[in-house]
Amino acid sequence: MGKKVLSGSMSRRDVFKLGSLAAVGVAGASMLGGCAPSAPASSAPASGTGEAAAGENASGLPSFLVKPAEITDFAETKDYDVVVVGAGAAGLAAAIKAAEEGAKVAVVQKESVPSSQGFRATGLDLDKNDKATQEAVVSYMMRNSDYRPDRSLLRAWTSNSGEAIKWYRDILHESGVQDDPDSYSTFELDCNGYTASFISAIPETTFVNAISNVAEYATSHGVDLHYSMPGVQLVVEDGNVTGVVAGEEGKYVRFNAAKGVVLATGDYQCNNEMIAYYCPDVLGYPPLEIGRDGDGHRMGVWAGGHVEPVGHTKMIHDIWMNSAPYLMVGPDGARLTDEHMPWWKINTIMRPIMKANADSPDDARVWSIMDAQYLAQAESWAQHDSALKAKEVPSEKSGVMFTADTLEGLAEAIGIEPAALKKTVDRYNEVVAKGVDEDFGKDAVYLAPVAEGPFYAVQRDFNWGLSATLGGLVVNAENQVLNDDAEPIKGLYAAGNTSGPFFGSIDYPMEIGGLSVGRAITTGYIAGRAAAKA
């Protein structure tokens, strides 16, 4: 496989050498994955909108927290009730909802096309959940995010998400997007002993493609979309947000917003300076998206808002979404860990392997090793852990699954020294036979031999990219951006990954499938409705 490289002047090894704030100031000039830097070059206090001239960097804090000079020269001025910055799942939901409420709406989008992510959008179906179940879901989500979210934001999601997802699914259908026939649109989940019922929108073409249909729907329902029109700065008058400056220097357009501005520019995965400051755990992982530069975060801070506390949640998905605790080995064939762990957390134990292979990231692989009894083993494990459903091994055509009649043949197929893999498997079978994992202390329930051919290896690959960073401007339950005194900034809203604190753990919790896009749509729905009624 070919070597993956980073654009700009920094190599992956350079990025891994940097740590947290040590990366600030140099990382901002070299973005990952082709994303261009867009933050100013000086620094200011971390909270509020402290102003500083270029060169005033005594605090050593990052440049993106500095409020730039006010833009006053405009080529054109346009008047609207609501202006949305960003044409993704959250932004278009906000725009369409605001238009439905009677507002004159514009969307300014940095790219030349709308942009979204994800495959499923989920909400809580209030028709099937009583108040106690709703609160149980909130508590369940709080625990999954290490109790860091604002509970009122989770309550806003449970109270509005079912309605928002049904509404959005109708939009998809009207715009010509059908449901994926092979996916289930409803499911139940045990949350703190309560059975909660969820509803999902799952477009057949995925949200990545369906967003174009949604954009056309928005246009046909009175929303003005302005592409290749990046939001640059908010218009603030007497502490109130009254518009957005968008476009390019010399051709700036002032979009007045009589009722409010909704920031929905997504996350900041392409801004290495912000990553180094807010989420250093993902330094070195290339972004999967383009244009996610934290534009809305920065504009919100400059207007008086603040970003939720550091240590933001990261979303790095495994190719093979399976948590079954099969023997797991690294590139050298050695066992890595107690394998009974959620698949979305494996990326964290990958960091030392990623660092060791910074110059050849395609060699940074982890493998699940199984034998002919893998399905029976998974079915047995599922009796003890309901999350461990028996799943088919990916096909050989998937490019992540390899099979061989012997362990030696399997090792050669995946590029591991045969003797090393055999040594690991022999030792693993010893602890399985004893029923006591002397090496990693895995629960004996999840010990199963790797003894009967054919043998399988499935690649657990995380170096292919970062899906999102989940941390944003602090908002209230109406998605109004709050200042340092926890007071709403009049006329300013944030939605989707530009808002928070909704998550909080190290890794995005996958217990509720489709929560991320479902949250984006729901917060856009709430923000658009609130702005139109302001």
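Here the residue numbers are simple positions, counted from 1 along each chain's written sequence. A pLDDT threshold of at least 70 governs which residues receive local features in this predicted model, and a stricter bar of 80 or more applies before side-chain atom pairs are shown or counted, although totals over entire chains, interfaces and linings include all residues. Only hydrogens and water are removed before side-chain values are computed, so all heavy atoms of the structure are retained for them.

Pairing between strands requires that DSSP locate at least two bridges from one strand to the other. Helix and strand labels come from DSSP, where a helix needs a run of H or I of at least four residues and a strand needs a run of E of at least two; each type is numbered from the N terminus. The 4 strands are arranged β11-β12-β14-β13 in an open sheet whose pairing can be described as antiparallel. On the outer flanks of this sheet lie β11 (327-329) and β13 (401-404), each paired with one strand and no other. Strand-to-strand twist in this sheet, taken as the mean axis angle between neighbours without regard to direction, amounts to 25°. In this sheet, strand β12 (residues 366-370) lies alongside β11 in antiparallel orientation, the contact comprising 3 bridges. Paired with Leu327 across the two strands is Ile369, which belongs to β12. Any two residues whose heavy atoms approach within 4.5 Å at even a single point are treated as in contact. What counts as an axis is a line fitted to C-alpha atoms, over the stretch in contact for a helix, and the angles between N-to-C directions run from 0 to 180 degrees. Running at roughly 150° to β13, helix α11 (residues 407-414) makes contact with β12, β13 and β14 (455-460) of the sheet.

Across the interface, helix α2 (residues 89-100) lies against helix α4 (residues 151-174) with an axial gap of 12 Å and an inter-helix angle of 90°. As far as their axial angle goes, α4 and α2 are roughly perpendicular. In contact with Ala89, Ala93, Ile96, Lys97 and Glu100 of α2, α4 contributes Trp167, Tyr168 and Ile171. The cut-offs work like this: below 35 degrees is roughly parallel, past 145 is roughly antiparallel, 65 to 115 is roughly perpendicular, and the gaps in between are oblique.

What follows deals with the pattern of salt bridges. The salt bridge criterion pairs a side-chain nitrogen of Lys or Arg with a carboxyl oxygen of Asp or Glu, the two atoms within 4 Å. Following the criterion strictly, the structure yields 26 salt bridges and no others. The salt bridge partner of Glu438 is Lys434, with a shortest N-O separation of 3.1 Å. One connected set of salt bridges, linked through shared partners, spans Arg427, Glu430, Lys434, Glu438 and Asp439.

Here the focus is the nonpolar core. Nonpolar core, defined: a set of buried Ala, Val, Leu, Ile, Met, Phe, Trp, Tyr and Cys residues in which side-chain atoms within 4.5 Å join the residues together. Burial here depends on accessible area, computed with a 1.4 Å probe over protein chains only, as a share of the maximum for the residue type. Under 20% is buried, over 50% is exposed, and the range in between is partly exposed. Among the nonpolar cores identified, the biggest contains 74 residues, and Phe198, Leu234, Phe255, Val261, Leu263 and Leu492 are the most heavily contacted of them. Apart from the residues lying within four places of it in its own chain, the contact partners of Leu263 are Val85, Leu234, Gly296, Met299, Gly300, Leu473, Leu492, Tyr493, Ala494, Ala495 and Thr498. Ala164, Tyr217, Ala264 and Ala527 belong to the second largest nonpolar core, which has 46 residues in total.

To continue, consider the confidence of the model for the protein. You can read pLDDT as the predictor saying how much it trusts each residue, on a scale of 0 to 100. Residues with a pLDDT of 70 or more make up 87% of the protein, whose mean pLDDT is 87. The low-confidence segment residues 1-13 (pLDDT under 50) makes 37 contacts with residues lying over four places distant or belonging to another chain.

Turning our eyes to something else, we now look at the packing of aromatic side chains. Geometry of aromatic contacts follows a simple scheme: Phe, Tyr and Trp rings, the Trp one being its six-membered ring, pair when their centres are within 6.5 Å, and the pair is stacked under 30 degrees between planes, edge-to-face over 60, tilted otherwise. On inspection of all chains with the given rule, the structure shows 16 aromatic pairs. Between Tyr268 and Tyr278 the ring centres are 6.0 Å apart and the planes differ by 55°, which places this aromatic pair in the tilted class. Placement of Tyr268 in the loop between β9 (253-263) and α6 (272-278) and of Tyr278 in helix α6 is noted, with a sequence separation of 10 residues between them. Looking at Tyr268, the relative accessible area reads 0%, which means it is buried. The class of Tyr278 is buried, set by a relative accessible area of 4%. Relative to Phe402, the ring of Trp367 has its centre 5.7 Å away and its plane inclined at 75°; by these criteria the two rings are edge-to-face. Of this pair, Trp367 sits in strand β12 while Phe402 sits in strand β13, placing them 35 residues apart in sequence. With relative accessibility at 1%, the residue Trp367 sits in the buried group. A residue is classified by how much of its surface remains accessible, and Phe402, at 26% relative accessible area, is partly exposed. Ring-pair connections join several aromatic residues into one group, and the members of that group are Phe64, Tyr268, Tyr277 and Tyr278.

Looking now at α2. Here α2 is 12 residues long and its end C-alpha atoms lie 17 Å apart, about the 16 Å a rise of 1.5 Å per residue gives. Buried residues dominate α2, accounting for 11 of its 12 residues. Within the sequence span of α2, burial applies to Ala89, Ala90, Gly91, Leu92, Ala93, Ala94, Ala95, Ile96, Lys97, Ala98 and Ala99. Looking one or two residues past α2, Gly102 carries a phi angle of roughly 100°, positive in sign. Expected helix span is computed as 1.5 Å times (number of residues minus one).

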